[in-house]
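# Secondary and tertiary structure notes
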Amino acid sequence: DLGGRALAEAIDDSEANGALAGAIDTLAAIRAFEISRPGREPPFGTASNIPRAMGNRVGANPARAILTPTGGQTNQQLLGEFATAIAAGESQCAAIVGAEAISTALALAAKGEKPDWSEEVDGDFEDQGYGIDKLLEPALFQHGAISAIPLYALAENARRAKLGLSVEDYRLEIGKLFEPFTKVAAANPHAAAPVERSAEELATITDRNRVVSEPYARMTVARDQVNQSAAIIIASAAKARELGVPEDKWVHIHAVTAATELPMLQRPDLSGCPASIASADTALRRAGKTLADMAYLDFYSCFAIPVFNQVDHFGLSVDDPRGLTLTGGLPFFGGAGNNYSAHAIVEAVQEVRGDAGSFAFVGANGGWMSKYSSGVYSTTSADWSGNDRFDMLPEANDHVALGSAEVERATVETYTIHRTKRGDEAIWIGRDESGGRVAGNADLADEATRAVFEGGEPFNDTLTVTRDERGRNIGRLTPQPGL
């Protein structure tokens, strides 16, 4: 229902005179979180054919219906793919729509209610699968890094180590990054948490702002308990004219790129995401622009580190007068599952419509900085005659070799302490004696080891590694000679 409402509003927003819903020949539904991994069952059921269920709500009956793979970069990447198909004459009008009702689902479950949200829908559709094969890293999962929060925290602490900052000082840097985001969210009627907060408030640990995984305080991680939806319609200029869409509603796609990062354990720099940088640089270059030419920016902000990667690369200030978000960001506007960047694109469309000739840049991230898509938009027309404005970049081949399964000593590169109701779990990534990449847990029952990890400075320390009954690598601080 939420997706159908967003699609209906997109159709209304176009001000088309013709039957726009009936002109949609391709419709992609962004995969919701509740079905983003194998074995997950929607708590109240779902439509048997999600893209056609959403299309039915507006009277759309596309020739091609798609259920997309998992990934926050998917919607923007699809814009590039669909634009390419349109430029090639294979399509004339396409729609991308996604929705999450996580907030309602949790509220109903808490009350013990179980409504029936199942729906039988006729028609064929392409289920493009989960698309998570490269996200599954058994060595990390085995040691407790099984969700986005600890995985991003591992990358975040690697950046902190490079900067030489304490945990507290780095938390404040995250607060300084996100303080302007809260101001944007506070002014956004669609935001899940429209409250202005200071950097100090975001960084201060309290009962309401507890540490979820070092260095992250709860307020600075993506807020996925939302009810949010967004839809995008893309058409050829000829079809838009035929449908009577006023040209002051047109926003042109100047470039879209997509890139895939190496698995986390194989990345040379655990704090970096060169694929995202390559994606951004390539999109700007193909558009014939620089980041300085962009009047509007939205960098995917599920956590601080994907934003910091772009800030560091482009030499931006966290208080850049343009702002680094158009929505308020995933911790404050809301992390609408795999569909957040559709909201960013919608905001970019609104901004450039109101500022003719201006340009907007949107960066979309998936996995644990595993996939990235960049897009450049403007009311200024773009020449698609060469059909070369969408680019899939090759994956890097400079991977780090994985270490031995029988590691005895390891040097810590990064870590996090993941704090749950079940207790604290220290996860580390490091190098074995041959330079191979390994992962493990720190033995927090050992007083010296706990002191180093709790102190936030285990970087470059050597651990003596043993294996427990579950086959996990358990590291203890190696005593120094003479001590």
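All residue numbers here refer to positions counted from 1 along the written sequence of the relevant chain. Given that the model is predicted, a residue must reach a pLDDT of at least 70 before its local features are reported, and side-chain atom pairs must reach 80 or more before they are shown or counted; all residues, however, enter totals for whole chains, interfaces and linings. Excluded from the side-chain calculation are hydrogens and water; included are all heavy atoms of the structure.

## Side note on the sheet that holds strand S1 (residues 26–29)
The mixed open sheet is built from five strands, whose spatial order is S4-S2-S1-S3-S7. Looking at which strands have only one partner, the edges of the open sheet turn out to be strand S4 (126–127) and strand S7 (227–235). The criterion for strand pairing is that DSSP finds at least two bridges linking the strands in question. Numbering of helices and strands runs from the N terminus; a helix is a DSSP stretch of H or I covering at least four residues, while a strand is a stretch of E covering at least two. Two strands pair when backbone bridges link them, and S1 and strand S2 (residues 64–67) are joined in this way by four bridges, in the parallel orientation. Its bridge partner lying in S2, Ala-29 is registered against Leu-67. Packed onto the sheet, helix H1 (residues 2–14) meets S1, strand S3 (93–101) and S7 and runs at close to 40 degrees relative to S7. Where helix H5 (residues 102–110) meets the sheet, its contacts fall on S3 and S7, and the angle it forms with S3 comes to roughly 30 degrees. The contact definition used throughout considers only heavy atoms, calling two residues in contact when any of these lie within 4.5 Å. The convention used is that axes are lines fitted to C-alpha atoms, helices contributing only their stretch in contact, and that angles between N-to-C directions extend from 0 to 180 degrees.

## Here's the deal with the packing of helix H8 (residues 167–186) against helix H12 (residues 304–314)
Packing of H8 against H12 brings their axes to within 11 Å, and their N-to-C directions diverge by 85 degrees. For the element pair H8 / H12, the angle class is roughly perpendicular. Mapping the contact onto sequence places Tyr-170, Glu-173, Ile-174, Leu-177, Phe-178 and Phe-181 in H8 and Ala-304, Val-307 and Phe-308 in H12. Classification used: nonpolar for Ala, Val, Leu, Ile, Met, Phe, Trp, Tyr, Cys and Pro, charged for Asp, Glu, Lys and Arg, polar for all others including Gly. In the contact of H8 with H12, the residues fall into eight nonpolar, no polar and one charged. Here roughly perpendicular refers to angles of 65 to 115 degrees, roughly parallel to angles under 35, roughly antiparallel to angles over 145, and oblique to all remaining angles.

## Some thoughts on the side chain of Thr-74
With respect to the element layout, Thr-74 can be found in helix H4 (residues 74–87). Ignoring any residue separated from it by four or fewer positions in sequence, one finds Thr-74 in contact with Ile-30, Thr-68 and Pro-69.

## Looking at the packing of aromatic side chains
Here a ring pair, both rings aromatic, is described through the centre-centre distance and the interplanar angle of the planes. Any pair of Phe, Tyr and Trp rings, taking the six-membered ring for Trp, is counted once the centres come within 6.5 Å. Such a pair is stacked with planes under 30 degrees apart, edge-to-face with planes over 60 apart, and tilted for the rest. Taken as a whole and judged by the stated rule, the model has 11 aromatic pairs. Relative to Phe-181, the ring of Phe-178 lies with its centre 5.1 Å away and its plane at 75 degrees, an arrangement referred to as edge-to-face. Within this pair, Phe-178 and its partner Phe-181 are both found in helix H8, separated by three residues, close to a single helical turn. Measuring from ring centre to ring centre gives 5.7 Å for Tyr-415 and Phe-453, while their planes differ by 85 degrees; the resulting arrangement is edge-to-face.

## A closer look at H8
Here H8 is 20 residues long and its end C-alpha atoms lie 28 Å apart, about the 28 Å a rise of 1.5 Å per residue gives. Residue Phe-178 marks the point of greatest curvature in H8, where the axis turns by about 35 degrees; the proline Pro-180 follows within four residues. Residues of H8 that are buried: Val-167, Tyr-170, Arg-171, Ile-174, Gly-175, Leu-177, Phe-178, Phe-181, Thr-182 and Ala-185. On its buried side, H8 packs onto helix H7 (148–163), helix H9 (199–203), strand S5 (211–213), strand S6 (216–217), H12 and strand S13 (409–420). One less than the residue count of a helix, multiplied by 1.5 Å, gives the span that helix is expected to have. Bend is computed residue by residue as the angle between axes fitted to the seven residues ending at the residue and the seven residues starting at it. Residue burial is assigned from relative accessible area. The probe radius is 1.4 Å, only protein chains are included, and a residue is buried under 20% of its type maximum, exposed over 50%, and partly exposed in between.

## A word on the nonpolar core
In terms of nonpolar packing, the biggest core is built from 87 residues, with Leu-140, Tyr-216, Phe-299, Leu-324 and Phe-361 touching the most fellow members. Ranked by residues supplied to this core, first place goes to helix H13 (residues 340–353) with seven residues. Listed in part, the 28 residues of the second largest apolar core include Ala-10, Ala-29, Ile-35 and Ala-95. In this description, a nonpolar core means a group of buried Ala, Val, Leu, Ile, Met, Phe, Trp, Tyr and Cys residues linked to one another through side-chain atoms lying within 4.5 Å.

## A short note on the state of the cysteines
Each disulfide consists of a covalent bond between the sulfur atoms of two cysteine residues. Disulfides are defined as pairs of cysteine sulfur atoms found within 2.5 Å of each other. Per the stated rule, a full pass over the model turns up zero disulfides. Unpaired in terms of disulfides, Cys-273 finds its nearest cysteine sulfur in Cys-302, a separation of 10 Å. Of the residues examined, Cys-273 reaches a relative accessible area of 3% and is grouped as buried.

## Thoughts on the pattern of salt bridges
Just to be clear on terms, a salt bridge is a Lys or Arg side-chain nitrogen sitting within 4 Å of an Asp or Glu carboxyl oxygen. Inspection of every chain in the model, using the stated rule, returns 33 salt bridges. Across the salt bridge formed by Lys-183 and Glu-179, the nearest N and O atoms sit 3.9 Å from each other. Of this pair, Lys-183 and Glu-179 both sit in helix H8, four residues apart, which is roughly one turn of the helix. With a closest N to O distance of 3.3 Å, Arg-431 and Glu-413 form a salt bridge. Pair noted here: Arg-431 is in strand S14 (residues 423–432) and Glu-413 is in strand S13, with a separation of 18 residues, a long-range link. Here the residues in one salt-bridge network are Arg-171, Glu-214, Arg-419, Asp-424, Arg-450 and Glu-454, joined through shared partners.

## As for helix H14 (residues 447–454)
When H14 is considered as a whole, its buried residues turn out to be Thr-449, Val-452 and Phe-453. Down the axis of H14, the buried set is contained in an arc of 95 degrees. They therefore lie on one face. Along H14, exposed side chains directed more than 90 degrees from the buried face belong to Glu-447 and Ala-451. Packing partners of the buried residues in H14 comprise S13, S14, strand S15 (437–442), strand S16 (462–467) and strand S17 (473–477). In the stretch just after H14, Gly-456 is the one whose phi turns positive, near 80 degrees. Picture the helix axis, draw a direction to every C-beta atom, and the arc is the one those directions span.

## Focus on the pairing of strand S8 (residues 252–260)
Counting buried residues in S8 gives eight out of nine residues, a clear majority hidden from the surface. Looking at chain direction, S8 and strand S12 (residues 390–392) are connected through three bridges and run parallel. Residue pairing for S12: Ala-258 is matched across the bridge by Met-392.

## Some thoughts on the pairing of S1
Residue alternation in S1 divides its side chains into two sets, Thr-26 and Ala-28 and Leu-27 and Ala-29, and both sets are buried. As paired elements, S1 and S3 share four bridges and run parallel to each other. Pairing of Ala-29 across the sheet is with Val-97, part of S3.

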